[in-house]
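# Tertiary structure, described
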Amino acid sequence: MRKLLFLFLMLCCSYETYAIELNGKYISQSGELLFRFTSDSLYIDIAQSQRNISSFKLVKNSENKKTTTYNAFESYLENGRVTYREVLIRVTKEKSKTYTLEYFGKDKDRDYNSNERYTIRPVE
């Protein structure tokens, strides 16, 4: 009975090891945007010129085998003052090397909330 319980606990613990772990460069399906994930940050660049559009500090909110959500924090200048905003970023694994990145929150360049969706894959 102990061996069976131990085996069950080991299976439960190993299940979480298959959670999404993003690190490196990912390109959007259209080829226009480059998403760079580091240990705790996300940088969004224009793929052709490597010019930075946005950078976010990521705080993992929830995680399972297929989906990871982050509270993402960005700082930017507005009227000469540093301003911070928080958005929600959700990454869902679709296929072996394909992910869907969704962005929910108030856009810094517009006066309304936006919901954007990108299909991304690793740059090889």
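Criteria and cut-off values
Residues numbered from 1 in each chain as written. Predicted model: local features only at pLDDT ≥ 70, side-chain atom pairs only at ≥ 80, totals over all residues. Heavy atoms only, no water. Helix = DSSP H or I, 4+ residues; strand = E, 2+ residues; numbered from the N terminus. Buried < 20%, exposed > 50% of the residue type's maximum accessible area, 1.4 Å probe, protein only. Contact = heavy atoms within 4.5 Å. Salt bridge = Lys/Arg side-chain N within 4 Å of Asp/Glu carboxyl O. pLDDT = per-residue confidence, 0-100.

If you tally the helices and strands in the protein, you get one helix and eight strands. Relative to its full complement of 124 residues, the protein shows a buried share of 32%. Contacts in the protein between residues far apart in sequence, at least 24 positions, make up 27% of those at least 6 positions apart.

Let us now look at the pattern of salt bridges. Close approach of charged atoms allows side chains with opposite charge to pair. Under the criterion given, the structure shown has six salt bridges. A salt bridge links R36 to D45; its shortest N-O distance comes to 2.8 Å. Relative accessible area serves as the criterion here: at 27%, R36 is assigned to the partly exposed category. Classification of D45 as buried rests on a relative accessible area of 1%.

Right, let's get into the confidence of the model for the protein. In this model, the protein carries a mean pLDDT of 83, and residues with pLDDT of at least 70 account for 79%. The secondary-structure element of the protein with the lowest mean pLDDT is helix α1 (residues 2-15), recorded at 59, while strand β2 (residues 33-37) shows the highest, at 94.

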